[in-house]
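Tertiary structure, described
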Amino acid sequence: MARLSDPITILKGIGEARAKQFANLNIVTLEDLICHFPRAYEDRTQILPIEKLQADVPACFRAMVMNNPRTSHIRKGLDLTKVTVADTTGRLNLTFFNSPYAAQQLQYGAEYIFYGAVTGDFIGYQMTNPVFEPADRPGLTTRRILPVYPLTAGLNNRAVMRAVEQALAICDPPAEILPPELREKYGILPAETAYRAIHQPETMEEAAQAKKRMIFEEFFVFSAGLSLMRASRAEKQVIPYTQLDLTEFYQALPFELTGAQKRAIGDILADFRKGSPMNRLVQGDVGSGKTMVAAAAAYAAARNGFQTALMAPTEILAEQHAASLEKLFTPLGISTGLLTGGLTPKQKRELRERLAAGEVQVVVGTHALLTGDTQFSRLGLVIADEQHRFGVAQRSGLGSKGQDPHVLVMSATPIPRTLALLMYGDLEVSILDELPPGREPVETFLVGESYRPRINAFIRKQAAEGHQCFVVCPAVEENQELGLKAAETWAQTLQKTVFPDLRISLLHGQMKGAEKEAAMASFARGEADVLVATTVIEVGVDVPNATLMVIEDADRFGLSQLHQLRGRVGRGSAKSYCILISHNRSPETLQRLKALCKTTDGFKIAEEDLKLRGPGDFFGARQSGLPAFRMGDLSGDLQTLKDAQQASVEWIESWGQSASPEAMALRRRIGALFLRAEGTMN
Ligand code: ADP
Ligand code: MG
């Protein structure tokens, strides 16, 4: 028997070149291979008589070759092989393009199992490029449920199938991590069965069961890991804060805090009092005033003699935070600092010295703040703005700095409660479900292409009034196939043919980090009228002067994502607008997009998104702070996710201290998962 950790090169037919191709799919060991799950299945179990074949519906049939295959050379690079086959119910003409294999293999008078779809009309059906195998040999690609694997250049499905089959034959799949009691309760297949069934299911139902187990398992491991993290942090001891009177802070604010802000601050102060490190997530829609909640926490830390590090996802955001905190804190005698890549080495050294000496109480920067050689004299609180850059790995890594600071994570992505439990199982959650008074909601319209002239006129009008406008496109480069508006070409078109007199700039995710920041900063300074961008602006800077958000091909985006994009405008005093453009007239799409026009409540929109699109989106690229989940497609599987979360709670209670083989295997898996998460960060 081989071991899971053995390299795939021990398999027959996998040499150096093949191994490289597999490595492109992150498959190096037998375990990687066995955990490379099919993305779909083709049910090829049914064998139909030829007369029952239906146009465009692929199926298997058994037929005899009725003549010698004839190959004709049509032109350079195009050979056609034609052959006629028949069973007792009918005949069928087959055509193969450039297939010396078919020309050679198909023997006059022999029987084969074919798999393909007929095309044609009443004059006669025919079939192009069917798959075939001799009828007297066991089926590899016919007469079975065929797994369809994610592939890479040079590696075809058959090669992956062969490799996986070999691996499963010589090696046990990953060990069971679920106690039988939990498996039974939640209707989950045993590991051994599931790992085989996911690659070689006998029925589609079995494939579905296996897939369910993998999703369950993955979230169970993740969830149990977060719970263990939470439990271990709760055992740590820190000095409770005693100076918790914020009257002076409140008096310094130019406005009254909202009820939601006060509640969140109350939660935080209660955590500070406790004597174990805080782990709290403040979730609040764009504009709900999270910064002030963070400021209150930093104020309390300072009054108790502790320093605060506030991390922003980008340098520009760090600068904005630093500026507003300095204005607030300087009169209160609390000193602030900004540590970014823009400082000269000398400035950096000076700031670091002052931090180490405890002369700076609140320092703002990017996540590099906590890496590098920054030393604090007494770090008490770490605040991370926009959680997606501050993933589980960083959360778990904080304790290892030698101190156990309180941790406050702020997120502008409203996550439905059920999912929040799962994704932030290691955190307590406070929700800001109230906007400061007097906000005018962003007016949102859904329009089709016929409105183009009016949209252009509206952009021009906003620009004439001195305001700025975002135009968001779904892709970077033109995608002919899907006909999507691409940022790059669209920016050129707008500049050249529509608005030659306006200043158009461009921002997309394939630009370098510094370029992106420069483009964004320049727009924030008002140096462009229109910023054409991809979704990278989702988490961007505050540009209060921007009053119009135009979203091209809006149906391509998730509701929550559209809501985030819309949040980029309406941040100043002027009335703001969001225009969703879509050619897609399907009723579901219209329903989805209209939901966005009707409400500006991020939580309602997130719930709607969850209902309509399933939980997959919430675990997508935007939440890259989470470990990468293997089971990419989570659509419609909310119940399995909830079950896994519930099961992990039960596991901690009943098996948390267990030394059974399953429990040991689970702990190893948790360790590996969070390590992998760490590897994918930065
Ligand atoms: P976000 O939650 O998106 O981070 P911010 O903290 O940036 O929101 O706040 C958005 C704007 O609202 C800021 O200009 C801030 O000064 C202002 N603000 C925050 N809280 C209040 C409040 N209670 N009343 C009025 N304005 C507020
Ligand atoms: Mg903010």
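The shown structure was predicted, so the numbers you read here are calculated from the model rather than taken from an experiment.

1. As for the site of ligand 1
Around ligand 1 sit 14 residues in total, of which Glu 256, Gly 287, Lys 290, Thr 291 and Arg 439 are the nearest. Between an oxygen atom of ligand 1 and a main-chain N or O atom of Gly 287, the distance comes to 2.6 Å. Burial of ligand 1 by the surrounding chains reaches 73%, relative to a free accessible area of 570 Å². A per-class count over the shell around ligand 1 returns four nonpolar, six polar and four charged.

2. Quick look at the pairing of strand S19 (residues 468–472)
With respect to burial, S19 is a largely interior element, five of its five residues being buried. Here S19 shows two buried faces, one formed by Gln 468, Phe 470 and Val 472 and the other by Cys 469 and Val 471. Bridge count between S19 and strand S22 (residues 546–551): five bridges; the pairing is parallel. By the bridge assignment, Cys 469 is partnered in S22 with Leu 548.

3. Some details on the nonpolar core
In this structure, Leu 246, Phe 249, Phe 272, Phe 329, Leu 381 and Leu 408 are the most contacted members of the largest nonpolar core, which totals 43 residues. Only helix H9 (259–274), helix H10 (290–303), helix H11 (315–329), strand S14 (362–365), strand S15 (379–385) and strand S16 (406–411) provide two or more residues apiece to this core. Here this core takes eleven residues from H10, the largest share from any one element. For Phe 329, the residues in contact, after removing those within four places along its chain, are Phe 249, Ala 295, Ala 298, Tyr 299, Ile 334, Thr 336 and Val 362.

4. Re the packing of aromatic side chains
Taken as a whole and judged by the stated rule, the model has 15 aromatic pairs. Ring centres of Phe 61 and Phe 114 lie 5.3 Å apart, and the angle between their planes is 20°; on these two criteria the pair is classed as stacked. You can see Phe 61 sitting in strand S2 (residues 59–65) and its partner Phe 114 sitting in strand S6 (residues 111–116), a full 53 residues away along the chain. A single burial state applies to Phe 61 and to Phe 114, both of which are buried. Residues Tyr 186 and Phe 216 carry aromatic rings whose centres are separated by 5.8 Å and whose planes lie at 40° to one another, so their mutual orientation is tilted. With Tyr 186 in helix H5 (residues 180–186) and Phe 216 in helix H7 (residues 204–235), the pair connects residues that are 30 residues apart, well separated along the chain.

5. Section: the pattern of salt bridges
Summed over all chains, the structure comprises 28 salt bridges. Between Glu 176 and Arg 183 there is a salt bridge, with the nearest N and O atoms lying 3.0 Å from each other. When its relative accessible area of 16% is taken as the criterion, Arg 183 is described as buried. Across the pair Glu 443 and Lys 575 runs a salt bridge, and its minimum N-O distance is 3.1 Å. One end of the pair, Glu 443, is in strand S18 (residues 443–447); the other, Lys 575, is in the loop between helix H18 (559–566) and strand S23 (577–581), and 132 residues separate them in sequence. For Glu 443, a relative accessible area of 33% corresponds to the partly exposed category. In this structure Lys 575 comes out as partly exposed when scored by relative accessible area, which is 26%.

6. Focus: the sheet that holds strand S21 (residues 530–533)
Strand order across the open sheet formed by six strands is S18-S23-S22-S19-S21-S20, with parallel pairing between neighbours. Looking at which strands have only one partner, the edges of the open sheet turn out to be S18 and strand S20 (504–507). Within this sheet the neighbouring strands show an average axis-to-axis angle of 20°, counted without direction. Relative to S23, S22 is paired through four bridges, and the arrangement is parallel. In the sheet register, Ile 551 faces S23, and the bridge partner there is Leu 580. With respect to the sheet, H18 is in contact with S18, S19, S22 and S23, its orientation differing from that of S22 by roughly 150°. On the sheet, helix H19 (residues 587–598) packs against S18 and S23 and is oriented at approximately 160° with respect to S18.

7. Here we look at the side chain of Asp 385
Mapped onto the elements of the fold, Asp 385 is located in strand S15. No salt bridge is formed by the buried Asp 385. Its closest oppositely charged neighbour is Lys 290, at 6.0 Å. At a separation of 2.6 Å, a polar atom in the side chain of Asp 385 contacts the side chain of His 321. Not counting the four nearest positions on each side in its chain, Asp 385 is found in contact with Met 311, Ala 312, Pro 313, His 321 and Met 410.

8. Considerations on the sheet that holds S15
Read from one edge to the other, the open sheet built from seven strands follows the order S13-S14-S12-S15-S16-S11-S17, with strand pairing classed as parallel. What marks the edges here is a single partner per strand, and that holds for strand S13 (336–339) and strand S17 (428–432). Averaged over all pairs of adjacent strands, the angle between strand axes in this sheet comes to 20°, irrespective of strand direction. Lying over the sheet, H11 contacts strand S12 (307–311), S13, S14 and S15, oriented at roughly 160° with respect to S14.

9. Re the pairing of S20
Here S20 runs beside S21; their pairing, made up of four bridges, is parallel. The partner of Leu 506 across the bridge, within S21, is Val 532. The parallel pair S20 and S21, bridged by helix H17 (residues 513–524), forms a crossover whose chirality is right-handed.

10. Overview of the environment of Ile 670
Take Ile 670: it is sitting in helix H22 (residues 661–680). Its relative accessible area of 7% is what places Ile 670 among the buried residues. Residues Ile 670 and Glu 176, spaced 494 residues apart in sequence, show a C-alpha to C-alpha distance of 13 Å. Excluding its chain neighbours within four sequence positions, the residues that come into contact with Ile 670 are Val 221, Ala 224, Gly 225 and Leu 228.

Basis of the calculations
Residues numbered from 1 in each chain as written. Chains lettered and ligands numbered in written order. Predicted model: local features only at pLDDT ≥ 70, side-chain atom pairs only at ≥ 80, totals over all residues. Heavy atoms only, no water. Near = heavy atom within 4 Å. Polar contact = N/O pair within 3.5 Å; in protein donor to acceptor, adjacent residues only side chain to side chain. Areas by Shrake-Rupley, 256 points an atom, 1.4 Å probe, with all protein chains shown as cover. Nonpolar A, V, L, I, M, F, W, Y, C, P; charged D, E, K, R; others polar. Buried < 20%, exposed > 50% of the residue type's maximum accessible area, 1.4 Å probe, protein only. Helix = DSSP H or I, 4+ residues; strand = E, 2+ residues; numbered from the N terminus. Pairing = 2+ DSSP bridges. Core = buried A, V, L, I, M, F, W, Y, C linked by side-chain atoms within 4.5 Å. Contact = heavy atoms within 4.5 Å. Phe/Tyr/Trp six-rings, centres within 6.5 Å; stacked < 30°, edge-to-face > 60°. Salt bridge = Lys/Arg side-chain N within 4 Å of Asp/Glu carboxyl O. Axes fitted to C-alpha atoms, helices over the stretch in contact; angles between N-to-C directions. Lys, Arg positive; Asp, Glu negative; His and termini not counted. Right-handed = clockwise from strand over helix to strand, strands pointing away.

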